Amino acid sequence: DQQVKQNSPSLSVQEGRISILNCDYTNSMFDYFLWYKKYPAEGPTFLISISSIKDKNEDGRFTVFLNKSAKHLSLHIVPSQPGDSAVYFCAASLGSSNTGKLIFGQGTTLQVKP
Amino acid sequence: AAGVIQSPRHLIKEKRETATLKCYPIPRHDTVYWYQQGPGQDPQFLISFYEKMQSDKGSIPDRFSAQQFSDYHSELNMSSLELGDSALYFCASSRGQVADTQYFGPGTRLTVL
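These remarks concern the structure in this document. (Residues numbered from 1 in each chain as written. Chains lettered and ligands numbered in written order. Predicted model: local features only at pLDDT ≥ 70, side-chain atom pairs only at ≥ 80, totals over all residues. Heavy atoms only, no water.)

1. Here's the deal with the overall build of chain A
Piece 1. When its secondary structure is counted, chain A shows zero helices and 11 strands.
Piece 2. Each helix and strand of chain A, ordered N terminal to C terminal, gives the series β-β-β-β-β-β-β-β-β-β-β.
Piece 3. The C-alpha radius of gyration computed for chain A amounts to 13 Å, which stays within 12% of the reference 13 Å derived for 114 residues, consistent with globular compactness.
Piece 4. The buried share of chain A, taken over its 114 residues, is 46%.
Piece 5. Once local pairs closer than 6 in sequence are excluded, the contacts in chain A between residues at least 24 apart make up 55%.
Piece 6. When the accessible area of chain A is evaluated, it comes to approximately 5,300 Å², of which 49% is carbon and sulfur surface.
Piece 7. Counting 11 positive and 9 negative side-chain charges, chain A places the averaged centre of each group 3 Å from the other. (Helix = DSSP H or I, 4+ residues; strand = E, 2+ residues; numbered from the N terminus. Rg over C-alpha atoms; globule rule 2.2 N^0.38 Å. Buried < 20%, exposed > 50% of the residue type's maximum accessible area, 1.4 Å probe, protein only. Contact = heavy atoms within 4.5 Å. Areas by Shrake-Rupley, 256 points an atom, 1.4 Å probe, with all protein chains shown as cover. Lys, Arg positive; Asp, Glu negative; His and termini not counted. Charge placed at Lys NZ, Arg CZ, Asp CG, Glu CD.)

Encoded structure:
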């Protein structure tokens, strides 16, 4: 069963606009969430993370929002740039109660058009 | 900044052969994780090590084994290779057994013919 779900396989936005990538999870024990960006033929690159005790974390153009009651998180990219075009993975961890292994979503391919 | 190094980057093997993948973590990182990503799939956790001891095990076939050495590098050994083992194999490292952020290497693309 897929504990972390990214229901949108792809997203296309115009340069300069906001990109919103969504992620849902089923395990309420997850307490740490991360977003990774992946280009073809490269490993996932860490973008931003959020602990379950927070509902928002911001780093430059990237903001992650967490809604624990809905078991939902989202990544906002503002403004979107063509270089942001990549596959974005949401990942979750059981944190302090676990050895830190990550459970990944299926990924969303973002295309930012110039 | 130094990143996670994986070697080789590409590997082609025949069925029933063996393969060894190597991972060199970021300096001062003591935890290593291995993930397998099949075509069009999300990365799946295989196994992890902390301070040279296995710390967790996921969906890793019995044909696979791994270890972490005294210098913290790790090797994933795969025997009796099957066509279905063709995938990207990522190694990630972090500092501490219960770490927040894992940093990934570029991956090894294994093709089994």
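2. Description of the environment of proline 61 of chain B
Piece 1. Residue placement: proline 61 of chain B occurs in the loop between β6 (53–57) and β7 (64–68).
Piece 2. Put simply, proline 61 of chain B and serine 86 of chain B are 25 residues apart on the chain and 13 Å apart in space, counted from C-alpha to C-alpha.

3. A closer look at the interface of chain B and chain A
Piece 1. Facing 21 residues of chain B, the contacting portion of chain A comprises 21 residues.
Piece 2. Along the contact surface separating chain B from chain A lie one salt bridge.
Piece 3. A salt bridge links lysine 101 of chain A to aspartate 56 of chain B; its shortest N-O distance comes to 3.8 Å.
Piece 4. At the junction of chain B and chain A, the tally comes to three residue pairs in polar contact (both at pLDDT 80 or more).
Piece 5. Only β4 (31–37), β5 (44–50), β6, β9 (87–94) and β10 (103–104) of chain B provide two or more residues apiece to the side of chain B that touches chain A.
Piece 6. Ranked by the residues each element gives to the side of chain B that touches chain A, the list is headed by β4 of chain B, at three residues.
Piece 7. Partitioned by chemical class, the residues of the side of chain B that touches chain A number 10 nonpolar, seven polar and four charged. (Salt bridge = Lys/Arg side-chain N within 4 Å of Asp/Glu carboxyl O. Polar contact = N/O pair within 3.5 Å; in protein donor to acceptor, adjacent residues only side chain to side chain. Nonpolar A, V, L, I, M, F, W, Y, C, P; charged D, E, K, R; others polar.)

4. Description of the packing of aromatic side chains
Here the distance between the centres and the angle between the planes together describe a pair of aromatic rings.
Piece 1. One pass over the structure, following the stated rule, counts 13 aromatic pairs over all chains.
Piece 2. Between phenylalanine 89 of chain A and phenylalanine 104 of chain A, the aromatic rings sit 6.0 Å apart at their centres with planes inclined by 90°, giving edge-to-face as the arrangement. Residue phenylalanine 89 of chain A is located in strand β9 (residues 86–93), and its partner phenylalanine 104 of chain A is located in strand β10 (residues 102–104); the two are separated by 15 residues in the primary sequence.
Piece 3. On the basis of relative accessible area, phenylalanine 104 of chain A is assigned to the buried category, the value being 1%.
Piece 4. Put simply, the rings of Tyr36, Phe46, Phe89 and Phe104 of chain A together with Tyr35, Phe45, Phe90, Tyr103 and Phe104 of chain B touch in pairs and so form one group of aromatic residues. (Phe/Tyr/Trp six-rings, centres within 6.5 Å; stacked < 30°, edge-to-face > 60°.)

5. Details of the layout of surface pockets
Piece 1. Roughly 300 Å³ of volume is contained in the largest pocket.
Piece 2. Lining the largest pocket are 17 residues; nearest its centre among them are Lys38 of chain A together with Gln37, Gly38, Gly40 and Gln41 of chain B.
Piece 3. Secondary-structure elements contributing two or more residues to the lining of the largest pocket are β9 of chain A together with β9 of chain B.
Piece 4. Grouping the constituent residues of the lining of the largest pocket by class yields eight nonpolar, seven polar and two charged. (1 Å grid on protein atoms, 1.4 Å probe; cavity = no way out; pocket = protein on both sides within 12 Å on 5 of 7 lines; lining within 4 Å. Points joined across faces, edges and corners; volume = space filled by probe spheres on them.)

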